[in-house]
Amino acid sequence: MSTKNITKYKKVSVLGLGYVGLPTAAIIANKGLRVIGVDTNASTVKTINEGKTHIIEPDLEVLVRSAVNSKNLVASTIPEPADAFIIAVPTPFTTEKKPDLTFLQQAIESIAPVIKGENLIILESTSPVGTTQKVAEWLSNVRQDIEFSELNNIATIDSKNIYIAHSPERVLPGRVLLELVNNDRVIGGLTEQCGNEAESLYRLFVKGNCHVTNARTAELVKLTENAYRDTNIAFANEISLVCDKLDIDVWELIKLANRHPRVDILKPGPGVGGHCIAVDPWFIVDSAPDETPLIRASRFVNDNKPTWIVQKILNTIDENATLACLGLTYKSDIDDLRESPSMAVIEELAKCHKGQILLADPNIESLPDSLRKILNIKFCDFEEAISRSEVIILLTDHREFIEINKSILSNKTVFDTRGIWRSFLTRNNLESVVD
Ligand code: SAJ
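As the structure is a computational prediction, the values presented were derived from the model and not from experiment.

Q: I would appreciate a short explanation of the overall build of the protein chain in the present structure.
A: When helices and strands are tallied, the protein chain shows 15 helices and 15 strands. For the protein chain, whose C-alpha radius of gyration is 24 Å, the value lies close to the compact-globule estimate of 22 Å for 435 residues. Summarising its shape, the C-alpha atoms of the protein chain cover approximately 75 × 50 × 40 Å along the three principal directions. Counting only contacts in the protein chain whose residues sit at least 6 apart along the sequence, the fraction spanning at least 24 positions is 68%.

Q: Please explain the pairing of strand 4 (residues 84-87) as it appears in this structure.
A: Walk down a regular strand and you will see the side chains alternate between the two sheet faces. Residues Ala-84 and Ile-86 point to one face of strand 4 and Phe-85 and Ile-87 to the other, with burial holding for every one of them. As defined by bridge partners, strand 1 (residues 11-15) adjoins strand 4 across four bridges and the pair is classed as parallel. Counted as the bridge partner of Val-14 is Ile-86 from strand 4. Inspection of the sheet shows strand 4 paired to strand 5 (residues 120-123) by four bridges, in the parallel sense. Bridge pairing in strand 5 places Ile-86 opposite Ile-122. Viewed along the sheet, the connection from strand 4 through helix 4 (residues 102-111) into strand 5 turns out right-handed.

Q: Help me out: how do you make sense of empty space enclosed by the protein in this one?
A: In this approach, a probe sized like a water molecule rolls over the atoms, and the result shows the empty space that is left. Summed over all chains, the structure comprises one cavity of 30 Å³ or more. Taken together, Pro-168, Glu-169, Arg-170, Val-171, Glu-179, Leu-180, Asn-183, Asp-184 and Arg-185 make up the lining of the largest cavity. Partitioning the lining of the largest cavity into residue classes produces three nonpolar, one polar and five charged.

Q: Any chance you could explain the site of the ligand here in plain terms?
A: Near the ligand you find 21 residues, and of these Glu-169, Lys-222, Arg-229, Cys-276 and Tyr-330 are the closest. Measuring from an oxygen atom of the ligand, one finds a backbone N or O atom of Arg-170 at 2.7 Å. Val-171 has a polar backbone atom sitting 2.8 Å from an oxygen atom of the ligand. When isolated, the ligand has an accessible area of 770 Å², and the protein chains bury 89% of it. When residues of the shell around the ligand are assigned to their parent elements, the largest contribution, five residues, is made by helix 8 (residues 215-246). Residues that form the shell around the ligand fall into these classes: nine nonpolar, three polar and nine charged.

Q: Even after reading the chapter, I still don't get the pattern of salt bridges, so can you show me in this structure?
A: Side chains that differ in sign of charge can pair as their charged atoms come close. Following the criterion strictly, the structure yields 22 salt bridges and no others. Between Lys-378 and Glu-384 there is a salt bridge, with the nearest N and O atoms lying 3.8 Å from each other. Residue classification places Lys-378 among the partly exposed residues on the basis of a relative accessible area of 33%. Three or more residues joined by partner-sharing salt bridges are found here, namely Lys-46, Glu-50 and Lys-52.

Q: What is the right way to look at the packing of aromatic side chains in this model?
A: Scanning all chains against the criterion turns up three aromatic pairs. Measuring from centroid to centroid gives 5.8 Å for Trp-282 and Phe-300, while their planes differ by 70°, and the two rings are edge-to-face. Of this pair, Trp-282 sits in helix 10 (residues 280-287) while Phe-300 sits in helix 11 (residues 293-316), and the two are 18 residues apart along the sequence. The class for Trp-282 is buried, based on a relative accessible area of 5%.

Q: How should I be thinking about the pairing of strand 1 in this particular structure?
A: Counting buried positions along strand 1 yields five of five residues, so the element is predominantly enclosed. The two faces of strand 1 match: Lys-11, Ser-13 and Leu-15 on one face and Val-12 and Val-14 on the other face are all buried. Alignment of strand 1 against strand 2 (residues 34-38), held across five bridges, turns out to be parallel. Each bridged residue has a counterpart across the sheet, and for Val-12 the counterpart in strand 2 is Val-35.

Q: Help me out: how do you make sense of helix 2 (residues 42-49) in this one?
A: Note that an α-helix has 3.6 residues per turn; residues three or four places apart therefore point the same way. Among all positions in helix 2, only Thr-44, Val-45, Thr-47 and Ile-48 are buried. The arc that holds every buried residue of helix 2, seen down its axis, measures 165°, which confines them to one face. Facing away from the buried side of helix 2 by over 90 degrees, the exposed positions are Ala-42 and Lys-46. Here the buried face of helix 2 lies against helix 1 (21-30), helix 3 (60-69) and strand 3 (73-76). Gly-51 sits one or two residues past helix 2 and shows a positive phi near 80°.

Q: Where do I start with unusual backbone geometry in this structure?
A: Among all residues except glycine, the phi angle is most often negative; among peptide bonds, the trans geometry is most common. The phi angle at Asp-59 is positive, at roughly 70°, despite the residue not being glycine. Along the chain, the position of Asp-59 falls in the loop between helix 2 and helix 3. Judged by relative accessible area, Asp-59 falls into the exposed class, the value being 59%. Not every positive phi belongs to a glycine, and Glu-339 is a case in point at roughly 55°. For Glu-339, the location among the structural elements is in the loop between strand 11 (323-326) and helix 12 (341-352). The class for Glu-339 is partly exposed, based on a relative accessible area of 41%.

Q: Hey, could you run me through the nonpolar core in this one?
A: Within soluble globular proteins, side chains that are nonpolar generally end up buried alongside one another. Counting residues in each nonpolar core, the largest one holds 73 residues, and the members touching the most others are Phe-85, Ile-87, Ile-111, Ile-121, Ile-164 and Leu-201. Among the elements that line this core, the one with the most residues is helix 1, at six residues. Look past the residues within four positions of Phe-85 in its chain and what remains in contact with it is Ser-13, Leu-15, Glu-80, Ile-111, Val-114, Ile-115, Asn-119, Leu-120, Ile-121 and Ile-122. Within the second largest apolar cluster, 22 residues are counted, among which are Ile-309, Ala-321, Val-345 and Ile-393.

Q: Would you explain the side chain of His-398 in this entry?
A: Inspection of the secondary structure puts His-398 in the loop between strand 14 (391-394) and helix 14 (399-402). Of the residues examined, His-398 reaches a relative accessible area of 0% and is grouped as buried. Within the structure, the side chain of His-398 is placed 3.0 Å from the side chain of Asp-361, a separation counted as a polar contact. Those residues in contact with His-398 that lie beyond four places of it in its chain are Gly-327, Thr-329, Lys-331, Ser-332, Asp-333, Ile-334, Asp-361, Pro-362 and Asn-363.

Rules used in this analysis
Residues numbered from 1 in each chain as written. Predicted model: local features only at pLDDT ≥ 70, side-chain atom pairs only at ≥ 80, totals over all residues. Heavy atoms only, no water. Helix = DSSP H or I, 4+ residues; strand = E, 2+ residues; numbered from the N terminus. Rg over C-alpha atoms; globule rule 2.2 N^0.38 Å. Contact = heavy atoms within 4.5 Å. Buried < 20%, exposed > 50% of the residue type's maximum accessible area, 1.4 Å probe, protein only. Pairing = 2+ DSSP bridges. Right-handed = clockwise from strand over helix to strand, strands pointing away. 1 Å grid on protein atoms, 1.4 Å probe; cavity = no way out; pocket = protein on both sides within 12 Å on 5 of 7 lines; lining within 4 Å. Points joined across faces, edges and corners; volume = space filled by probe spheres on them. Nonpolar A, V, L, I, M, F, W, Y, C, P; charged D, E, K, R; others polar. Near = heavy atom within 4 Å. Polar contact = N/O pair within 3.5 Å; in protein donor to acceptor, adjacent residues only side chain to side chain. Areas by Shrake-Rupley, 256 points an atom, 1.4 Å probe, with all protein chains shown as cover. Salt bridge = Lys/Arg side-chain N within 4 Å of Asp/Glu carboxyl O. Phe/Tyr/Trp six-rings, centres within 6.5 Å; stacked < 30°, edge-to-face > 60°. Arc of directions from axis to C-beta. Core = buried A, V, L, I, M, F, W, Y, C linked by side-chain atoms within 4.5 Å.

This is the structure we're talking about:
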């Protein structure tokens with residue numbers, strides 16, 4: 001289908017070429033639009049212009065190579081004029097658990113000089129309520145000729161509109177390309193027309209439904225989705241502590257409880273990681289601290305799980321035992337270490353354990369910086385780690401660990417924080433899993 005019929009936005013600039021921005025840029029470029037991908041990291045820009053990727057995500061490299069070869073995707077460190085701008089930069093939190101919008105503000109200020117009338121600006125970064133309006137304010141602060149009327153939420157330049165909307169990314173790492181296309185999108189415009197303009201661009205590649213609303217609702221929708229998941233995982237993690245105390249197998253318990261038609265308990269684990277679910281609930285708490293005891297408590301339950309696991313391990317093992325810690329990333333089959341509970345377990349263990357700690361992760365090439373200076377930690381192949389250790393601690397449920405020949409676990413003390421080896425361990429009457 002010709003893109004001419006679908007969108008008037010022919011040249012799109014994507015700011016932030018990470019887990020969301022790069023796949024989005026590559027998909028749009030493969031649909032035939034010209035895409036300028038902008039990132040402040042020169043090495044990321046170079047890698048992409050060579051048709052390669054700096055992140056692991058199924059099928060992404062093929063898509064980026066095709067987009068770069070067709071010359072529809074070009075990466076740069078410097079923004080240039082375009083018809084539409086999609087902002088996908090990180091919005092982390094501070095040590096006080098408050099939203100840190102520095103990268104976002106810098107991105108907006110970097111495009112301000114090239115903004116023209118009739119441009120579309122879409123904020124995809126997860127943001128606290130009110131941020132889309134701030135985008136308009138930041139632009140008008142930097143460019144005297146951009147006017148923003150708070151009364152009717154309209155931004156203009158030379159009497160021409162600038163369309164500003166929030167459409168939060170909702171893709172699951174590991175399934176990004178599938179979900180970018182197939183998931184429904186929520187699109188919140190500063191005005192209704194802003195929302196409709198943004199929808200016209202997404203229609204180019206989104207097969208799911210586009211739901212147009214106002215910007216503040218869209219902002220809170222995204223935060224609510226992640227807080228909902230965090231709270232549900234916290235419930236599973238809390239039940240796992242109850243089961244441990246009462247000596248009940250949590251995996252069997254959840255399997256049976258989930259046979260009820262209206263019960264669907266998630267999986268307990270070593271905690272909750274990633275740049276989204278471990279962060280976004282705090283944006284709601286920050287906006288409405290007195291109204292959010294449940295969301296806050298869920299964060300504490302999930303954040304405390306690594307410490308609980310470490311205590312359980314230390315109470316069981318010999319202080320000089322060699323330990324194999326399997327899996328560093330925050331979840332299976334990805335290479336992302338951000339807020340990883342596996343890393344939290346390892347860092348805490350390293351502080352207290354005297355024996356050697358061998359780390360292995362098939363998706364990570366070498367020891368992460370935060371662990372480099374710790375003398376008793378070594379990074380190696382996972383089979384070597386298992387064979388050299390008396391104690392095996394499974395932290396991330398990577399495919400390679402699920403598929404291992406379980407007999408290599410015999411005669412070991414095993415802590416399986418994800419329940420992937422449960423049937424083998426039960427059958428062989430090995431050390432019970434850390435639920
Ligand atoms: N986890 C559990 N038990 C479970 C499910 C997950 O312990 O039953 C843990 C994972 O191991 C991981 C963490 O939770 O440490 C988060 O993993 P996840 O797969 O639930 O989610 P993310 O962070 O990879 O992606 C989430 C998704 N949000 C929702 O499912 C509501 C994704 O759709 C969002 O786009 C993404 O956050 C984001 O960028 O906001």
